[in-house]
Amino acid sequence: MISRKPLAQIIERVPAHKKGKDAGYLQDTINLEESIKPEIRQETVRLYYFAKTLKTAFEEILLAFSEPVGRGFWLTAEYGVGKSHFLATLACLLTDNSEDVWGCVHDKEIRNYRFHFQKRHLFPIVTGLRGKTAIAQDKPITLLEQLEKEIEESIKQLGLDGKINVTPVAETLNLFDGFNVSLQGVVNSYIQQKSGKKTSELRKNYPDLFADFVRRFLKEQNLPFEPKFNIIDRLQYLYKQIVGSNTGYNGLLFVIDEYESWLSQRPITSSEGMFDSNVLQALTEILPKQHGYEIFTVIASQTDIPAQLSGSARFRAIPLLAGSDAARDYHVICAHRVRRYKEGMEGEAKLYYHNFYDEFAFYKSETEESFLETFPFHPLSYETVRRFT
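Take the overall build of the chain next. Counting its regular elements, the chain contains 18 helices and 9 strands. Based on the C-alpha atoms only, the size of the chain along its principal axes is roughly 90 × 45 × 40 Å. By the burial criterion, 49% of the 389 residues in the chain qualify as buried. Measuring between centres, the 48 positive side-chain charges of the chain sit 4 Å from its 51 negative side-chain charges.

Counted at 1.5 Å a residue, the expected span for helix α15 (residues 326-338) with its 13 residues is 18 Å, and the 19 Å between its end C-alpha atoms agrees. Within α15, the full set of buried residues consists of Ala 326, Asp 329, Tyr 330, His 331, Val 332, Ile 333, Cys 334, Ala 335 and Arg 337. Where α15 is buried, its residues touch α3 (52-65), α4 (83-95), β9 (339-341), α17 (368-374) and α18 (379-388).

Taken in spatial order, the 5 strands make up an open sheet running β5-β6-β7-β4-β8, and their pairing is parallel. Every interior strand has two partners, whereas the edge strands, β5 (122-128) and β8 (315-319), have only one. Strand-to-strand twist of the sheet, defined as the mean angle between neighbouring strand axes without regard to direction, takes the value 15 degrees. Of the strand pairs in this sheet, strand β6 (residues 251-257) and strand β7 (residues 295-301) are connected by 5 bridges, and their pairing is parallel. Bridge pairing in β7 places Ile 256 opposite Ile 299. Each of β4 (71-76), β5, β6 and β7 is contacted by α4, which is oriented at about 170 degrees to β6, the strand it contacts most. Of the strands in this sheet, β4, β6, β7 and β8 are in contact with helix α14 (residues 271-290), which crosses β7 at around 150 degrees.

What counts, and at which threshold
- Residues numbered from 1 in each chain as written.
- Predicted model: local features only at pLDDT ≥ 70, side-chain atom pairs only at ≥ 80, totals over all residues.
- Heavy atoms only, no water.
- Helix = DSSP H or I, 4+ residues; strand = E, 2+ residues; numbered from the N terminus.
- Buried < 20%, exposed > 50% of the residue type's maximum accessible area, 1.4 Å probe, protein only.
- Lys, Arg positive; Asp, Glu negative; His and termini not counted.
- Charge placed at Lys NZ, Arg CZ, Asp CG, Glu CD.
- Expected span 1.5 Å × (residues − 1).
- Contact = heavy atoms within 4.5 Å.
- Pairing = 2+ DSSP bridges.
- Axes fitted to C-alpha atoms, helices over the stretch in contact; angles between N-to-C directions.

Following this line, the structure appears as structure tokens:
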């Protein structure tokens, strides 16, 4: 029998790079918002493996989003199959068309889609809803408010603080005018201290800046900021602020993960749930189809599309890791995430394959290629891990 090298000489763990340094073992789950930060994007994309069934879904979305027509996708998948990493990689590629990021894609066919997005620059609004309670102790928070928080976070991350104002100006001024005289005086003093300008002149000449100071004051004092506005008008205002402010962006990308977590706290048939449904309808149907806005939306959930959201072809439903190849793809993804072959060592792993093929009936159905994809773990070990996750 030909002597086989020890596993330690054939494979090694996949390093986890953070800011260019090996940070040790990979995290077991992906933090969606963290993974799309500019300094993390390359690592997010580098670690993603385009398994067969996931690659098909990925290509369908890329192809659809390559056209300047906004639309929505609803992804369903059980917990632990890499849904968040799928979304993070998609968001990185759709919002950053640089060679630095696209060059980290392992799959050549996926990498070739880059030319479709050379003229497209989508502004990212990305949120994972698990752990972000939809019901506060004092008042419900709406999906629109949550998305506005993510817009503000993206503005900060992308260095656009002075270029984009998300405050609804007219509505905020009306809100201020409804304050009692005492509160107006406190707000005016705050604005004058912060701006160094007379508040009357600031409101007259720079109403958007005045409104933004009002919003900042309320947030700092933990007071409810509740200007009244129509959903469509609010989203149109945000779109025009981002796309029409010489920022270089020509569309919006909304990526929302763990939507079932949100629905579990605010049923879709409740008044709050219906409001959120109207927000999604505006993003995926009214604004893209009736107004021609380039708004692209991807929602991921462990549950199927609610009946209230399935009409009018608002969403294209895509199940992740579904079908006859799903189990196999899960095994390959796990192997790719945790181990890799040392340079020139795949040939040594093939010796294990031929030995196992001769010794064990189970491996008669394996090809050399399929064996190398998941070596050195037995398929049952992957299924055991899957049940735990």
